[in-house]
Amino acid sequence: MLTTSTWKEGKTFKMIPTTGDCPYVECIYDPQMKVLAVIGNIKKDIFHMMPKLDANGDPEMRKTPGRDGSPMKQERRTIETFQEYYLEERAEIESFIKHFATNSDTYDYTTYLDMVAPEVGDTFPAELNIVK
């Protein structure tokens, strides 16, 4: 089912499952990147670097910062996460929506597909005179 949501600083749409056999957990459209991110219901184990915790559950601190500048000790852990898919082609996004969204004929998702991303401009005000 399609619903209205917020992504970064603007409105977008997302898809939520309506039945237990739905092949995704959640989908959200990024109007700036023009990508539909699909979080599937298939789980997988992946490695992540996580803060190393002491007996109290607090992060252990390093004596000197690590190569990445982090002041905390880290360890490699296996974490179970959902499989992610990214649809970039508009035709594929529309086909996916029409196939899985029960309200695709009544919800105006094309408004978000047609949005024009804002121009990438200077992030600093001109009066600061900062050289990039």
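## Regarding the overall build of the protein
Thinking step 1. The number of helices and strands found in the protein is two helices and five strands.
Thinking step 2. Sequence-ordered secondary structure for the protein, helices as α and strands as β, is β-β-β-β-β-α-α.
Thinking step 3. Across the 132 residues of the protein, 24% fall into the buried class.
Thinking step 4. Counting only carbon and sulfur atoms, one obtains 54% of the accessible surface of the protein, whose full area is about 9800 Å².

## Comments concerning the sheet that holds strand E4 (residues 35–51)
Thinking step 1. The sheet built from five strands is open, its strands ordered E1-E2-E3-E4-E5 with antiparallel pairing. Each having just a single partner strand, strand E1 (2–7) and strand E5 (74–87) make up the two edges of the open sheet. Each strand axis lies, on average, 40° off the axis of its neighbour in the sheet, ignoring direction.

## Points about unusual backbone geometry
Thinking step 1. For lysine 8, which is not glycine, the phi torsion reads 55° and is therefore positive.
Thinking step 2. Tracing the backbone through its elements, the reader meets lysine 8 in the loop between E1 and strand E2 (10–15).
Thinking step 3. Take lysine 8: its relative accessible area is 52%, and that puts it in the exposed class.
Thinking step 4. Even without glycine at this site, lysine 34 takes up a positive phi of about 60°.
Thinking step 5. Secondary-structure assignment places lysine 34 in the loop between strand E3 (24–30) and E4.

## Brief notes about the environment of isoleucine 39
Thinking step 1. If you trace the backbone, isoleucine 39 turns up in strand E4.
Thinking step 2. Note: C-alpha distance between isoleucine 39 and tyrosine 86 (47 residues apart in sequence) is 8.8 Å.
Thinking step 3. Sequence-distant contacts of isoleucine 39, that is, excluding residues within four places in its chain, are made with Tyr24, Val25, Glu26, Phe82, Gln83 and Glu84.

Rules used in this analysis
- Residues numbered from 1 in each chain as written.
- Predicted model: local features only at pLDDT ≥ 70, side-chain atom pairs only at ≥ 80, totals over all residues.
- Heavy atoms only, no water.
- Helix = DSSP H or I, 4+ residues; strand = E, 2+ residues; numbered from the N terminus.
- Buried < 20%, exposed > 50% of the residue type's maximum accessible area, 1.4 Å probe, protein only.
- Areas by Shrake-Rupley, 256 points an atom, 1.4 Å probe, with all protein chains shown as cover.
- Pairing = 2+ DSSP bridges.
- Axes fitted to C-alpha atoms, helices over the stretch in contact; angles between N-to-C directions.
- Contact = heavy atoms within 4.5 Å.

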